[in-house]
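# Fold and contact review
This is what each chain is made of:
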2 protein chains.
Amino acid sequence: MTETIQVIANFSEGRNKEIYNGLKQIAQNGQGYKLIGSLAEPDYNRSGFYLLGEKSGILDTVVEMLEYAISHIDMTKQEGPHPWIGAGDVIAVIPVKNITMEECVEYAEQLGQVIGETLKLPVYLYGEAAKNEERKDLSKIIKGEFEGFPQKIKQPEWQPDYGPNTVHPTAGVTAIGVLRDLISLNININTTDITAAKATASAIREKNSGLKGLKAIALDLDSKAGIQISTTIENYKELPLHVVFERVKEEAASRDIEVINSEIFGIVPADVMIQTASHYLQADHFNSDKQILENYLI
Amino acid sequence: MTETIQVIANFSEGRNKEIYNGLKQIAQNGQGYKLIGSLAEPDYNRSGFYLLGEKSGILDTVVEMLEYAISHIDMTKQEGPHPWIGAGDVIAVIPVKNITMEECVEYAEQLGQVIGETLKLPVYLYGEAAKNEERKDLSKIIKGEFEGFPQKIKQPEWQPDYGPNTVHPTAGVTAIGVLRDLISLNININTTDITAAKATASAIREKNSGLKGLKAIALDLDSKAGIQISTTIENYKELPLHVVFERVKEEAASRDIEVINSEIFGIVPADVMIQTASHYLQADHFNSDKQILENYLI
């Protein structure tokens, strides 16, 4: 039985097509896995690559992509609204099939070690792979961002888990995490008032007594795209998408803002959508394991 | 590549456990397919069996189940709110994988012929398998029900497609159809007024200028279970579940009736739920083919 993981690798470049294509080509050429999706987001100036398959093949590819990112992305010149810490910004490892969370943590450690040693990049482990409570939360690692990291890394509690003790001058640092899931639900709202949008995002996120497990930021995308509340959910079984969506609608409405629509970024398990549909149809006893046809197809 | 079909076989018995178990055992013993679900509904006094796999194995099993039903279910003594025409009431054939609608129609014809000849049951083909426009619509075949069929079958336009020209005295007749899908969404409403419930069902169904492709009846289940609007959707891509659900809520509300919850009966393709979730999350651009993880798992 093949141990299947999903790795979502995010890079701080979503506008330069050449660099995006360079990363994509590396991702396409690896062995033992599939590149199941890749997205460049010019508004965010970030790109994401979704790799699904055996861990060994994905490890080599991620290292190669990071090497490419270091030599092609200069963080001192990048601009974009999304908080970032490095050229190869955040890498999430998610168990999919025949693999435990613990085995994924070992994998993240192995990946961190290789990246730290061969690419000389400081690596922070987060999520289930975090070595202490503080680092479980990615937003605490990101705080201060690329610009603030040279100061932050000097603090004894922010020594990296792997790699050198100094920030790479143009590529910053990298975070590698193990998560149950990683669902990005971006919600477009009809306001141009970034302050109100930020207040909305602030009201819903966990650290401001909002929804447990929710990360949310308000991003002022280019004028055409408007303002977006970008949310991240790491455990949809505990925090379903409809809870997030309805809460955003509610908090926005209290500030006279309406939700225009949403975007589910990237790739999600079918179960995320089934859970949401059951809720809205009030189909309380729907049994996803037994009532979905595909579960019976060999 | 295995030609995979789904057959949903409904029998007019949902209260007698022995008969239900007898049918289930036959369904479990066949070759080349799986019994992926079976449900006895005492309120409806019906049961449904979901068979998924190769058509040849399923054909033999359906014939055997019908034979069992004929010898164990006496329609002259059955009671229940659901309109029915026979012991082996309605059989739906749905293409799943590597098989066309046309091939399913051929299969339904073959099944009808065997049932008609060997079991001496009148068989009506409906849905995509119907031989004329009138018979496409199952509700037109069912009209008059078991009690009225001895009269109905005498009319030249209601000669059966297969089998004898007289109703089986205790087992009635059987309908075999080919459908794109068969989704049963039952909606529980908080009323004891069956007249208002019937008006609600009537307002939403296609034949009363309601929703195209929708069948709906109001059923007064036993006192504990209350009243239910039972809907059937044969093409969810054209008539999504949320459209039906919201329309029922609306029509019920206009009669001061509230929807309590819903039940999705049986087994549905994941896509039904994904479509519903996308709608409610206003995730207009969600691409089910590309954004669902399971589509990439080998």
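Keep in mind that this is a model prediction, so the values were computed, not measured.

Residue and element names in this part refer to chain B. Across the five residues of strand 6 (residues 174-178), five count as buried, placing the element largely inside the fold. As judged from the four bridges shared by strand 4 (residues 88-97) and strand 6, these two strands associate in the parallel manner. Residue pairing in the sheet places V90 in a bridge with A175 of strand 6.

Residue and element names in this part refer to chain B. Strand order in the open sheet formed by four strands is 8-9-7-10, with antiparallel pairing between adjacent strands. If you trace the sheet from one side to the other, it starts and ends with strand 8 (214-220) and strand 10 (259-265), each paired once. Taking the axes of each pair of neighbouring strands and ignoring which way they run, one obtains an average angle of 20° across the sheet. For strand 8 and strand 9 (residues 227-233), the ladder comprises seven bridges, and the chain directions are antiparallel. Bridge pairing links K215 to T232 in strand 9. Here helix 7 (residues 194-204) sits on the sheet in contact with strand 7 (183-189), strand 8 and strand 9, set at roughly 175° to strand 8.

This part covers the interface of chain A and chain B. Each partner contributes residues to the interface: chain A has 41 residues there, and chain B has 41 residues. Carbon and sulfur atoms supply 67% of the area that chain A and chain B bury against each other, a total of about 3,600 Å² over both sides. Counting across the chain A and chain B interface gives zero salt bridges. Seen at the junction of chain A and chain B, the total is 20 residue pairs in polar contact (both at pLDDT 80 or more). At the level of elements, strand 1 (4-11), strand 2 (33-41), strand 4 (88-97), helix 8 (241-253), strand 10 (259-265), helix 9 (270-280) and helix 10 (288-291) of chain A are the ones that each hand at least two residues to the side of chain A that touches chain B. Per-element tally for the side of chain A that touches chain B: the top contributor is helix 9 of chain A, with seven residues. Here the residues of the side of chain A that touches chain B sort into 25 nonpolar, 10 polar and six charged.

Moving on, we come to the nonpolar core. Formed by 72 residues in total, the largest nonpolar core has its most connected members in I264 of chain A together with I264 and M273 of chain B. Once you skip the residues sitting within four places of it in the chain, I264 of chain B turns out to touch L281, A283, F286 and Q291 of chain A together with S184, L185, L241 and M273 of chain B.

Residue and element names in this part refer to chain A. With the rule as written, the count across this model stands at nine aromatic pairs over all chains. Seen in terms of ring centroids, Y124 and W158 are 6.1 Å apart; in terms of plane orientation they differ by 55°. Their pairing is tilted. A residue pair is termed long-range when its members are at least 10 positions apart, and Y124 in strand 5 (residues 123-127) and W158 in the loop between helix 6 (145-152) and strand 6 (174-178) qualify at 34 residues. As far as burial versus exposure is concerned, Y124 and W158 are alike and both buried. Through a chain of ring-to-ring contacts, the aromatic side chains of F11, Y20 and F49 assemble into a single cluster.

Turning our eyes to something else, we now look at the environment of L219 of chain A. Mapped onto the elements of the fold, L219 of chain A is located in strand 8 (residues 214-220). Apart from the residues lying within four places of it in its own chain, the contact partners of L219 of chain A are Y44, P81, H82, I194, G226, I227, Q228 and S230 of chain A.

To continue, consider the relation of the copies chain A and chain B. Expressed as a screw transformation, the operator carrying chain A onto chain B has a rotation angle of 180° and an axial translation of 0.0 Å, and the superposed copies differ by an RMSD of 0.0 Å. Given the turn and translation reported, the copies of this chain are related as if by a two-fold rotation axis. Of the C-alpha atoms belonging to chain A, the one lying closest to the rotation axis is found on A277 of chain A, 2.2 Å away. Of the interface residues in chain A, 100% have counterparts in chain B that sit at the interface too, so the contact is made through matching surfaces.

Moving on, we come to the environment of E67 of chain B. All names here are of chain B. Examined against the element boundaries, E67 turns out to sit in helix 2 (residues 55-72). A relative accessible area of 45% means that E67 is categorised as partly exposed. Distance from E67 to A171, taken between C-alpha atoms, is 9.9 Å for residues 104 residues apart in sequence.

Further remarks concern the pattern of salt bridges. Across all of its chains, the model carries 24 salt bridges over all chains by this definition. Among the salt bridges present, the one from E128 of chain B reaches R180 of chain B, with a minimum N-O distance of 3.9 Å. Within this pair, whereas E128 of chain B is found in the loop between strand 5 (123-127) and helix 4 (133-136), its partner R180 of chain B is found in the loop between strand 6 and strand 7, the two being separated by 52 residues in sequence. The partner of K215 of chain B in a salt bridge is E234 of chain B, and the shortest N-O contact between them spans 3.6 Å. Note that K215 of chain B is positioned in strand 8 and E234 of chain B in the loop between strand 9 and helix 8 (241-253), a separation of 19 residues in sequence. On the basis of relative accessibility, which here comes to 23%, the residue K215 of chain B falls in the partly exposed class. Connected through salt bridges with shared partners, the residues D137, K215 and E234 of chain A form a single ionic network.

Here we come to the sheet that holds strand 6 of chain B. Residue and element names in this part refer to chain B. Reading across from one edge, 2-3-1-4-6-5 is the order of the six strands in this open sheet, with mixed pairing throughout. Taken across any chain shown, the strands that pair with only one partner, and hence form the sheet edges, are strand 2 (33-41) and strand 5. Each strand axis lies, on average, 15° off the axis of its neighbour in the sheet, ignoring direction.

This part is about the UniProt feature "domain: Formiminotransferase N-terminal subdomain" (unreviewed entry) in chain A. When the UniProt feature table is mapped onto this chain, "domain: Formiminotransferase N-terminal subdomain" (unreviewed entry) is found at residues 3-180 of chain A. Helix makes up 38% of residues 3-180 of chain A and strand 26%. Its end C-alpha atoms lie 15 Å apart.

Let us now look at helix 1 (residues 17-29) of chain B. Residue and element names in this part refer to chain B. Along its 13 residues, helix 1 runs 18 Å from first to last C-alpha, staying within 8% of the 18 Å computed at 1.5 Å per residue. Within helix 1, the full set of buried residues consists of I19, Y20, G22, L23, I26 and A27. Each buried residue of helix 1 lies within a common arc of 160° when the element is viewed along its axis, so the set occupies one face. Among the exposed residues of helix 1, those pointing more than 90 degrees away from its buried face are K17, E18 and N29. Regarding helix 1, its N-cap is N16, as a side-chain oxygen of that residue lies 2.9 Å from the backbone nitrogen of E18 further along.

Criteria and thresholds
- Residues numbered from 1 in each chain as written.
- Chains lettered and ligands numbered in written order.
- Predicted model: local features only at pLDDT ≥ 70, side-chain atom pairs only at ≥ 80, totals over all residues.
- Heavy atoms only, no water.
- Buried < 20%, exposed > 50% of the residue type's maximum accessible area, 1.4 Å probe, protein only.
- Helix = DSSP H or I, 4+ residues; strand = E, 2+ residues; numbered from the N terminus.
- Pairing = 2+ DSSP bridges.
- Axes fitted to C-alpha atoms, helices over the stretch in contact; angles between N-to-C directions.
- Contact = heavy atoms within 4.5 Å.
- Buried area = accessible area lost by both parts, 1.4 Å probe.
- Salt bridge = Lys/Arg side-chain N within 4 Å of Asp/Glu carboxyl O.
- Polar contact = N/O pair within 3.5 Å; in protein donor to acceptor, adjacent residues only side chain to side chain.
- Nonpolar A, V, L, I, M, F, W, Y, C, P; charged D, E, K, R; others polar.
- Core = buried A, V, L, I, M, F, W, Y, C linked by side-chain atoms within 4.5 Å.
- Phe/Tyr/Trp six-rings, centres within 6.5 Å; stacked < 30°, edge-to-face > 60°.
- Least-squares fit on C-alpha atoms with pLDDT ≥ 70 in both.
- UniProt positions renumbered as here; feature names shortened; annotations may be inferred.
- Expected span 1.5 Å × (residues − 1).
- Arc of directions from axis to C-beta.

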